[in-house]
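These are the residues of each chain, in order.
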Amino acid sequence: MYKNLAATLVAACCFSPVFAQSAAPAQPPLKAAFVYVAPLTDAGWVRQHDDARKAVEAALGNKVQTTYVENVAEGPDAERVIRDLARQGHQLIFTPSFGYMEPTLKVAAEFPNVKFESVTGYKTAPNVAVSNARYYEGRYLAGVAAGHMASSAGYVAGFPIPEVLQGINAFTLGMRSVNPKAELRVIFLGEWFNPPRERDAAMTLMNQGAEVLAFHTGSTAVMVAAQERGKLAVAYHSDMRKAAPDAQLAAVTHQWGDYYTRRAQAALDGTWKSERLWGGVKEGMIRVDHFGPKVPAKVRDEVMARQKDIAGGKLHPFAARADVKDNEGRLVIAKGATLSDEQILNMNFLVEGVLTKLAR
C-alpha cells in the first residue's frame, strides 16, 4: 500500500507542472476600437477602414476583439466617443480622420496606458502614433488616365487642406503630362460626407463642361452622377464599379489592412511605440487599378507602367520636368526640382490648370 501511495505521489509531482501550465489562463484578447467619420456604406473612406478592421480579425483571430462606432462628427462628438472607448477598456484605438487628431491627443493624455493610432493626423504623443498615405501618388496616375480621355475635368472636394490640395495638384499634373492644355474646376463643400451636396456639385461641374470627374469626399454620389450623365469618373477610396459600371475610369484604392494588423500585433507583443508612417504605392497602401470598360488597353498599360515607376522611385508626381507655376502665376516648383515631404505636407497652392481660386 505504501509503495502504491509513494508511486502516486511521484506521479503527481511529475505531472503537476504540466497540469499547472495547461490550467494557466490564456492571454485575454486585445480590445481594439475604430472610430468612423461617416456611415459605413458599401464603398468609400469608411468602407476601406472597416475592411482593414476585418483584416485584423482574420489575421489575429481570437487574439483580438474589435468594435467600431460609425458616423462620428469631428470635434466634441469625436472626443466623447474616443473617451468612452478608452473607459470601456479598449487598449488600441484607431481614429481615421484628420479632424480626430486633436480629440485623440486630448483623450490620450488622460489614458496614458491606451495606445492610439491617429490616421491622417500629424501630431504624435508617447501613446499616439500617426500614419497617412501618399494619396497624391494615386491621384497623379488617375490624372494620366483622365488626360488621355478628356481635356476638361471637375473635382468635388471636402476642405482645402494640404492633403486635398496635394490630390488636386497631382491629378492636374498627371492630366497635363499627357494633355498640356487640360483644365480642372474644383468645388469645395466644407464637409466630407453629404451625398446630396456631392451629387449637386458633380452635376454643376458637368454642366460647366467637365467630361471626367474626381472627388475627395466620402460617398459614391459623384460616381452615380457620372453614370447617369454618361460621363467618366475616378473612384476614390474603393472600387466603385458596382455604383458606376460604365462611368468608372479607374479606382484609387487605399489599403490599410496590413498596417492595422502590424500595429495590433505590436500591441499584443509589447513592441508598439509611437511612430510616423507616410506610405504610398511602394508600401502597398495606395493602388490604382479596376479600370472601366471605356479605357483603352494602351491607357491602362501606361498607367500601370507609371505606377511601377513610382514604386521603384523613378517617378515623383511633384518632380518638375519644366517650371511649375500656381494658378496665379507664381513659380512653385522650379525645373529639375522635387518638392520635399515637408513642402508637400504644407501645400497651400493650386497649380496652373486649376480654374478655382483659393480663399486667402
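Reading guide: rules and limits
Residues numbered from 1 in each chain as written. Predicted model: local features only at pLDDT ≥ 70, side-chain atom pairs only at ≥ 80, totals over all residues. Heavy atoms only, no water. Helix = DSSP H or I, 4+ residues; strand = E, 2+ residues; numbered from the N terminus. Buried < 20%, exposed > 50% of the residue type's maximum accessible area, 1.4 Å probe, protein only. Polar contact = N/O pair within 3.5 Å; in protein donor to acceptor, adjacent residues only side chain to side chain. Contact = heavy atoms within 4.5 Å. 1 Å grid on protein atoms, 1.4 Å probe; cavity = no way out; pocket = protein on both sides within 12 Å on 5 of 7 lines; lining within 4 Å. Points joined across faces, edges and corners; volume = space filled by probe spheres on them. Axes fitted to C-alpha atoms, helices over the stretch in contact; angles between N-to-C directions. Parallel < 35°, antiparallel > 145°, perpendicular 65-115°, else oblique. Left-handed = near helix turned anticlockwise from the far one by under 90°. Nonpolar A, V, L, I, M, F, W, Y, C, P; charged D, E, K, R; others polar.

**Topic: the environment of Arg 80**
As for its placement among the helices and strands, Arg 80 is situated in helix 3 (residues 76–87). For the pair formed by Arg 80 and Val 107, sequence separation is 27 residues and the distance between their alpha carbons is 8.8 Å.

**Observations regarding the side chain of Ser 238**
The residue Ser 238 is located in the loop between strand 9 (232–237) and strand 10 (248–254) in this model. Given a relative accessible area of 3%, Ser 238 falls into the buried group. Looking at Ser 238, its side chain comes within polar contact range of the main-chain nitrogen of Gly 44, at 2.8 Å. Ignoring sequence-local partners within four residues, the contact set of Ser 238 consists of Ala 43, Gly 44, Arg 47, Gln 48, Ala 251, Val 252 and Thr 253.

**Describing the layout of surface pockets**
Approximately 450 Å³ is the volume found for the largest pocket. Lining of the largest pocket is provided by 20 residues; of these, Leu 173, Ser 177, Ala 319, Arg 321 and Val 324 occupy positions nearest its centre. At the level of elements, helix 6 (162–178) and strand 13 (324–325) are the ones that each hand at least two residues to the lining of the largest pocket. When residues of the lining of the largest pocket are assigned to their parent elements, the largest contribution, three residues, is made by helix 6. By volume, the second largest pocket amounts to about 380 Å³. Along its surface, the second largest pocket is lined by 16 residues, and Thr 120, Gly 121, Tyr 122, Asn 132 and Leu 345 are the ones closest to its centre. Listed by contribution, the elements that provide at least two residues to the lining of the second largest pocket are strand 5 (128–133), helix 6 and strand 11 (276–279).

**Quick look at the packing of helix 5 (residues 135–149) against helix 10 (residues 297–311)**
The contact between helix 5 and helix 10 brings their axes to 10 Å, and the two run at 155 degrees. Accordingly, the angle class assigned to the pair helix 5 and helix 10 is roughly antiparallel. Every pair of crossing elements has a handedness; the one defined by helix 5 and helix 10 is right-handed. For the pair helix 5 and helix 10, the contacting residues are Glu 137, Tyr 140, Leu 141, Val 144, Ala 145 and His 148 in the first and Val 299, Glu 302, Val 303, Arg 306, Gln 307 and Ile 310 in the second. Partitioned by chemical class, the residues of the contact of helix 5 with helix 10 number seven nonpolar, two polar and three charged.

**A word on unusual backbone geometry**
Despite not being glycine, Thr 120 has its phi angle at roughly 85 degrees, a positive value. Note that Thr 120 resides in the loop between strand 4 (115–119) and strand 5. By relative accessible area, Thr 120 is classed as buried at 6%. The phi dihedral of His 237 falls on the positive side, at around 80 degrees, and the residue is not glycine.

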